[in-house]
Number of protein chains: 2
Amino acid sequence: MRVVSWNVNGLRSAHGKGFLPWLSGARAQVVALQEVRARADQLPNEVRTPPRWKTHFSSAERPGYSGVGLFSRDEPDAVETRLGIPEMDVEGRLQLARFGKLTVANVYFPNGNGKDRDLSRIPFKLSFYRRLFAELEKPLRDGGRVLVVGDFNTAHQDIDLARPRENRETSGFRPEEREELDRWLRAGWVDSFRHFHKGGGHYSWWSQRFGVREKNIGWRIDYVLASPGAMAYVKRAAIHPDVSGSDHCPVSVDLDSAVR
Amino acid sequence: MRVVSWNVNGLRSAHGKGFLPWLSGARAQVVALQEVRARADQLPNEVRTPPRWKTHFSSAERPGYSGVGLFSRDEPDAVETRLGIPEMDVEGRLQLARFGKLTVANVYFPNGNGKDRDLSRIPFKLSFYRRLFAELEKPLRDGGRVLVVGDFNTAHQDIDLARPRENRETSGFRPEEREELDRWLRAGWVDSFRHFHKGGGHYSWWSQRFGVREKNIGWRIDYVLASPGAMAYVKRAAIHPDVSGSDHCPVSVDLDSAVR
DNA sequence: CATTAAACG
DNA sequence: CGTTAAATG
């Protein structure tokens, strides 16, 4: 079974660029979207409830901002959207969906840039990382089968962005942000794409300014992290840079269907 | 000589819809624009200073809001943009340009609708009408040659809008607003278009909602008012409903060139 | 219903 | 540089 994650940068916009044909052809069991930027009731019916898909949305209180959505072939056994911290929960950043023995966490981690193009949102971003880490500590320890998929808004290592030197101080590649990812991996979470692909040049996000995507000057900030219990079933991980419609591209894993 | 007035609803937008070709073909000596909605430095060069035109702009402090512009074949002898009332002067609503013996006042009268789609801006609108009226009282009494052109944001009489009954309470056709126009005409100003055309069905603005322009359900709210001294030279007045590019269309007068 | 700017990424 | 929403008309 395939699990796909995609930051669509506005599902209504992506819809106008062929989201539904892409969805049909993705051969996925579960599709996790970030930056939906709409409440469910603002979406056209054909996107809110496409035939043969079950859908769930968690939107931010603030209109047009953040928001995650989950499309799955089967109805999940349960979906939880809260971390219990109101400041985080009002931003529509999380869906914890259980499919039998497999849990998929669809996460849109906060961007570190603040109002005045400063770094003022980094503390909130780091808190969010820590709060979710704590939430998933128990299933991880218990050998649970968990995938954490989404836009982490952080490139982990030099190999994960085209211009590491120039971005040491940029939010998304600062030491304190990378350290949060380090903590996850030290605890046992596996960066599934990196597990299978040791080389660089694979990115999931490109700035919209200039024509930088053509030159593949990007960042790998969208991940599928797998708990060891889930990783045992991961056969393959991929990035799909040819899929357009957003400034991010989809990332995916293929799992042995016995994982559920 | 022809003097034209047009509320362009964003000169940058109108530019993208063929403003310059229209300007070339307008056979005008003076073109007065309202709702330029840009500072001069935000305009592309070809619009800010087209070959063979002299241009002047007065913009609002608030970005993207209001603003008037004057295009003339000859450089005006003087251009004044202030009424002396700061609340009015910061909104870029007036250019008083002198061409020899002829004065052209390019005016964007305030809209009466306020923040919450209420009528809260009507007092400001009426004050503006009165302040400008007072400003032009002396030249009028002295037999001066003055044209007041622009978007008055008021339909004068039943004949000046397609749906008078339905709009008695709507800003733009309320008694207190129509009364301001009455005052101007009583004082001797002549509604040049109405002087030559006694019939109805001639409008200069149509709502953008629905397909109402096609059905000619509009309002005549753009005028060329002439002082008696100027009216003696007005040979003809016209409305140009076929000109697209804005929710308003241009209005014009042709004058004997001896008026200057 | 269309224009523009602002916030955010 | 693109998406969305808010203000204004």
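- Identification of chain A as Exodeoxyribonuclease III is taken from an unreviewed UniProt entry.
- In its Sequence similarities (unreviewed entry) section, the UniProt entry covering chain A states "Belongs to the DNA repair enzymes AP/ExoA family."

## Concerning the protein's contact with DNA strand C
- Around DNA strand C, the surrounding shell holds 22 residues, and the nearest of these are Arg62 and Gln208 of chain A together with Lys17, Arg37 and Gln208 of chain B.
- Backbone atoms, meaning sugar and phosphate, form 80% of the atoms of DNA strand C found within 4 Å of the protein.
- Within the side chain of Arg37 of chain B, a nitrogen or oxygen atom sits 2.7 Å from a base oxygen of DNA strand C.
- Between DNA strand C and Gln42 of chain B, the relevant distance is 3.5 Å, taken from a phosphate oxygen to a side-chain nitrogen or oxygen of the residue.

## Details of the protein's contact with DNA strand D
- Lining the immediate surroundings of DNA strand D are 22 residues, of which Lys17 and Arg37 of chain A together with Arg62, Arg117 and Gln208 of chain B lie closest.
- Put simply, 78% of the atoms of DNA strand D that lie within 4 Å of the protein are in sugar or phosphate.
- Between DNA strand D and Ser13 of chain A there is a distance of 3.0 Å, counted from a phosphate oxygen to a side-chain nitrogen or oxygen.
- Within the surface near DNA strand D, the residues separate by chemical class into four nonpolar, nine polar and nine charged.

## What about the side chain of His156 of chain B?
Residue and element names in this part refer to chain B.
- Among the structural elements, His156 can be located in the loop between β8 (145-151) and α7 (175-186).
- Given a relative accessible area of 8%, His156 falls into the buried group.
- Ignoring anything within four residues of it in the chain, the contact list for His156 reads Phe173, Arg178, Leu181, Asp182, Leu185 and Tyr223.

## Details of the packing of helix α5 (residues 122-135) of chain A against helix α7 (residues 175-186) of chain A
Residues and elements named next belong to chain A.
- Contact geometry for α5 and α7: axes closest at 10 Å, N-to-C directions at 5°. As summarised for this structure, α5 and α7 are arranged roughly parallel, according to the angle between their axes. Contacts from Ile122, Lys125, Leu126, Tyr129, Arg130, Leu132 and Phe133 in α5 reach Glu176, Glu177, Glu180, Leu181, Arg183 and Trp184 in α7.

## What about unusual backbone geometry?
- If you check the backbone angles, Arg27 of chain A has positive phi at about 50° while not being a glycine.
- Mapped onto the fold, Arg27 of chain A is located in the loop between α2 (19-25) and β2 (30-34).
- By relative accessible area, which is 65% here, Arg27 of chain A ends up exposed.
- Positive phi values are uncommon outside glycine, yet Asn9 of chain B reaches one of about 50°.
- On the secondary structure map, Asn9 of chain B appears in the loop between β1 (2-7) and α1 (11-16).
- Residue classification places Asn9 of chain B among the buried residues on the basis of a relative accessible area of 17%.

What counts and what doesn't
- In this convention, every chain numbers its residues from 1, walking through the sequence in written order.
- Chain A is the first chain written and ligand 1 is the first ligand written, with later ones labelled in order.
- Per-residue local features are limited, in this predicted model, to residues with pLDDT of at least 70; the limit for side-chain atom pairs, both in listing and counting, is 80 or more; totals at the level of whole chains, interfaces and linings are taken over all residues.
- Hydrogens and waters are ignored; side-chain quantities use all the structure's heavy atoms.
- UniProt positions are given in the numbering used here, feature names are shortened, and annotations may be inferred rather than shown by experiment.
- Near residues are defined by distance, with any heavy atom within 4 Å of the molecule or strand qualifying the residue.
- Any pair of N or O atoms that falls within 3.5 Å is considered a polar contact. Within protein, one atom must be able to donate a hydrogen and the other to accept it, and sequence-neighbouring residues count only if both atoms are side-chain atoms.
- Just so you know the grouping, Ala, Val, Leu, Ile, Met, Phe, Trp, Tyr, Cys and Pro go in nonpolar, Asp, Glu, Lys and Arg go in charged, and all remaining residues, Gly too, go in polar.
- Every helix listed is a DSSP run of H or I at least four residues long, and every strand listed is a run of E at least two residues long, numbered separately from the N terminus.
- The buried label goes to any residue with under 20% of its type's maximum accessible area, the exposed label to any with over 50%, and the partly exposed label to all in between, with areas taken from a 1.4 Å probe on protein chains only.
- Any two residues whose heavy atoms approach within 4.5 Å at even a single point are treated as in contact.
- Here the axes come from fitting lines to C-alpha atoms, over the contacting stretch only for helices, and the angles between their N-to-C directions go from 0 to 180 degrees.
- For classification purposes, angles smaller than 35 degrees are called roughly parallel, those larger than 145 roughly antiparallel, those between 65 and 115 roughly perpendicular, and all remaining angles oblique.

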